[in-house]
Amino acid sequence: MKGSRDCDRWTWRQSWMILVWVAAAVYLYTRNIGNTFVVDEWMFIGARHYFSWQSLVAPHNGHLSIVPAIVYLVLLKVFGLGNYVVFRILAVTMQLIVCLAVGQMVLRRQGTTVAFLIATLLAVSGIGVQNSLWGFQIGFMGSVLGFILAVSFFDKFHDLDAPVAYQFLAMVCLCVALGCSGVGVPGLITFWLLVVLERDLRRSWWVVAIPSLLYASWSLRYGDSVPAPRPTLSQFASFVIDGQSGSLSGLFGVDIMWGRMAFGGLLLLVFLDIRRNGLSFRRNVWLAFSAAFWMITAFKRASLTTPLSSRYLWVGSIILILQIIELIPKHRFLSMNRRVLLFIGSVVVVLGVWGSYPLLTEYRSFHRIWSDQSMVTNSILLANRENIDPSLVAHSFGEIPLDTTGQFFEAVDQFGAPDIYSGTEILGNTDLSLIAEAAMVDLGLMDVEPTDATCADSELLFEHKVEEGSTLVFRVTTPTVVRVARFVDIQSAPDANVRLLNPGNYTIELRDDGFGLPLRVQFDNEVSQCD
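Conventions we followed
Think of each chain on its own: its residues are numbered from 1, step by step along the sequence as written. This being a predicted model, a pLDDT of at least 70 is required before a residue's local features are given, and a value of 80 or more before pairs of side-chain atoms are given or counted; all residues contribute to the totals for chains, interfaces and linings. Side-chain numbers here rest on the full set of heavy atoms in the structure, without hydrogens or water. Helix and strand assignments follow DSSP, with helices taken as H or I runs no shorter than four residues and strands as E runs no shorter than two, numbered in order from the N terminus. Here the term buried applies to any residue with accessible area under 20% of the maximum for its type, exposed to any over 50%, and partly exposed to those in between, with areas from a 1.4 Å probe on protein chains only. Strand pairing is assigned whenever DSSP detects at least two bridges linking the two strands. Basic side-chain nitrogens of Lys or Arg form a salt bridge, by our definition, when they fall within 4 Å of a carboxyl oxygen of Asp or Glu. The nonpolar core is taken to be a set of buried Ala, Val, Leu, Ile, Met, Phe, Trp, Tyr and Cys residues, with the residues joined through side-chain atoms within 4.5 Å. Working rule for contacts: check all heavy atoms of both residues, and any pair within 4.5 Å makes them a contact. How far a helix is expected to stretch is found by multiplying one less than its residue total by 1.5 Å. Computed over the protein atoms alone on a 1 Å grid, cavities are sets of points where a 1.4 Å probe fits but cannot get out and pockets are open sets with protein on both sides within 12 Å along at least five of seven lines; a residue lines them when it has an atom within 4 Å of a point. Grid points are joined across faces, edges and corners, and a volume is the space filled by probe spheres set on the points. Fitting a line to C-alpha atoms yields each axis, with helices limited to the stretch in contact; the angle taken between N-to-C directions then spans 0 to 180 degrees. Roughly parallel means an angle under 35 degrees; roughly antiparallel, over 145; roughly perpendicular, 65 to 115; everything else is oblique. Crossings are sorted by hand: turned counterclockwise from the far helix by less than a right angle, the near helix makes the crossing left-handed, and turned clockwise it makes it right-handed. Classes in brief: Ala, Val, Leu, Ile, Met, Phe, Trp, Tyr, Cys and Pro nonpolar; Asp, Glu, Lys and Arg charged; the others, Gly included, polar.

### Concerning unusual backbone geometry
Of note in this structure, Val39 is not a glycine but carries a positive phi near 45°. Among the structural elements, Val39 can be located in the loop between α1 (2–31) and α2 (40–47). Although it is not a glycine, Asn61 adopts a positive phi angle of roughly 50°. Among the structural elements, Asn61 can be located in the loop between α3 (53–57) and α4 (66–79).

This is the structure we're talking about:
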């Protein structure tokens, strides 16, 4: 009977944990309201919309991204550009898998309850928003997952005196980590130190040598780096310290001052552990990875950006949590009353969600804005495919071009069209109308062009409507300012829609793109319409 009760209790506990994680998955999925690809995803789609060795191994902003490239190509081939929901699910799934891997590492040292609570905190905390809500970040997440699994398999090889298969699995995980993103590089460096300092080089040299050889071969043949000014020593040190401190404070959305104190406390724990147990690199492997990650990132990015970007803090928080767990005596929490432990842990999880929720809200808004930008631009592109120069920029992030219109249309031919807004939806929303107006200008669809055509004056104009599928030809006799608009009120048209014309003959053509809207033209001087 006692065994039956224990079994029932365990089944109930499993069901409860599964229910919480299903709720976490739904929570994360509903935080992302984007409807199409954004930013770096267009670089991926534009440059990698076909299977070839070159498209797989080409660097992305200096990263080897062969694993994300394969995943995206397969999903695009199966589901197409019009099913972005698949990539939203991909991001959430990867986030939960990484957190489960963290939970598995914690489980070995502190039991089921602590492992569940920590994994849940990391899963739903807003600190990982840039990774957990964006499918493209499977690269960062895959590198961290690969390193955690590599350490786990390496531990099993030593703790259980297991067969060489565990070494092989550790090697494969390191290769996957390197193939996901540059975050795999600090993992490789840390693993070299682990093998050497733990005096296991004779048995395990090949575990790190093979990934190193493969990555070095790629780097020499295909690798590149994003040009960036080198940071000063002050920038470098500040980036490394603030990054690790922010990784701890960001979990709860509190000021970085608290993170600095927490990181100082962690270093004190490390010092005391070394005094008590002697120096063990394995016990500090996570701190070593964290140091390598932040130093490499600082060297490349400290002069360009802040260390408090959520994609960086997500990596740091996971790794430092694992380091803290490593320093706590094994099974320390097993002696606590489970209900008390669960209550305290649940409060910590709630505080983490509550404190970091603004990060989720901020990034949700960011992703929606760029999703709208992409969908409106795609609407204009697809409606005017035959009228657009294939060398023009299709999507951009600020001043950074992401793909060309030619690449975009090649991807559409390969995977089908992405989701778009209708003309009615664009007109019914001021923000979408402004985006559409800017896209028309950027793609040269509202250009005022000089013409050599002869002009027989027929009518004097101050303003005119150019209907779809028609052309306006006019003569300017004195310097004249012309203003054009289609999706917005002509008086509030952006500066890009305003141009000074010198005397001469000009033409404005509006192709038939199905939006059902005329192009409005306004002059500050009379011009002559030509027959």
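### Considerations on the pairing of strand β8 (residues 504–510)
With five of seven residues buried, β8 lies mostly within the body of the structure. Pairing of strand β5 (residues 470–476) with β8 involves seven bridges; the strand directions are antiparallel. Among the inter-strand pairings, Ser470 is bridged to a residue of β8, identified as Leu510.

### What about the pattern of salt bridges?
Applying the stated criterion across every chain, the model contains 11 salt bridges. A salt bridge links Arg260 to Asp242; the nearest nitrogen and oxygen atoms lie 3.0 Å apart. Of this pair, Arg260 sits in helix α12 (residues 256–277) while Asp242 sits in helix α11 (residues 233–249), and the two are 18 residues apart along the sequence. Measuring nitrogen to oxygen at the nearest pair gives 2.8 Å for the salt bridge that ties Arg486 to Glu468. With a gap of 18 residues between them, Arg486 in the loop between β6 (480–485) and β7 (498–501) and Glu468 in the loop between β4 (457–466) and β5 connect regions that are remote in the sequence. Of the residues examined, Arg486 reaches a relative accessible area of 2% and is grouped as buried.

### As for the nonpolar core
Ranked by internal contacts, the top residues of the largest apolar core, which has 144 residues, are Phe191, Ile318 and Phe474. At 22 residues, the largest contribution of residues to this core is made by helix α5 (residues 85–124). What Phe474 contacts, discounting residues up to four positions off in sequence, is Val448, Leu501, Gly504, Asn505, Tyr506, Thr507, Ile508, Phe523, Val527, Ser528, Gln529 and Cys530. If you look at the next biggest cluster of nonpolar residues, it comprises seven residues, including Phe263, Leu287, Leu320 and Leu327.

### As for the environment of Pro186
Tracing the chain through its elements places Pro186 in helix α9 (residues 184–197). Spatially, the C-alpha atoms of Pro186 and Ala119 are 23 Å apart, while their sequence positions differ by 67 residues. Apart from residues lying up to four places away in sequence, Pro186 is in contact with Phe289, Ala292, Phe293 and Ile296.

### A few points about α9
Helix length check: α9, at 14 residues, gives a terminal C-alpha distance of 20 Å against a target of 20 Å (1.5 Å per residue), a fit within 8%. When α9 is considered as a whole, its buried residues turn out to be Gly184, Val185, Pro186, Gly187, Leu188, Thr190, Phe191, Leu194 and Val195. Buried residues along α9 sit against α7 (138–159), α8 (165–180), α10 (201–221) and α13 (285–301). Immediately downstream of α9, the backbone of Arg199 shows phi near 55°, a positive value.

### Some remarks on α13
The end-to-end C-alpha separation of α13 is 24 Å, in line with the 24 Å expected for 17 residues at 1.5 Å each. Every buried residue belonging to α13 is among Val285, Trp286, Leu287, Ala288, Phe289, Ser290, Ala292, Phe293, Trp294, Thr297 and Ala298, and all of these are buried. Of the surrounding elements, those touching the buried residues of α13 are α5, α7, α9, α11, α12 and α14 (310–327).

### Things to note about empty space enclosed by the protein
Per the counting criterion, the structure on display carries one cavity of 30 Å³ or more. Roughly 30 Å³ of volume is contained in the largest cavity. What lines the largest cavity is simply Phe44, Ile45, Arg48, Ala69, Tyr72, Leu73 and Leu76. Contributions of two or more residues to the lining of the largest cavity are made by α2 and α4. Considering each element in turn, the lining of the largest cavity owes the most residues, four residues, to α4.

### What to know about the packing of α11 against α13
Contact pair α11 / α13: the axes reach a minimum separation of 9 Å and the direction vectors enclose 130°. In this view, α11 runs oblique relative to α13, as classed from their interaxial angle. α11 and α13 meet at a crossing whose hand is right-handed. Contact with α11, carried on its side by Phe236, Phe239, Val240, Gly243, Gln244 and Ser247, involves Leu287, Ser290, Ala291, Trp294, Met295, Thr297, Ala298, Phe299 and Arg301 of α13 and no other residues of that element. Considering only residue class, the contact of α11 with α13 consists of nine nonpolar, five polar and one charged.

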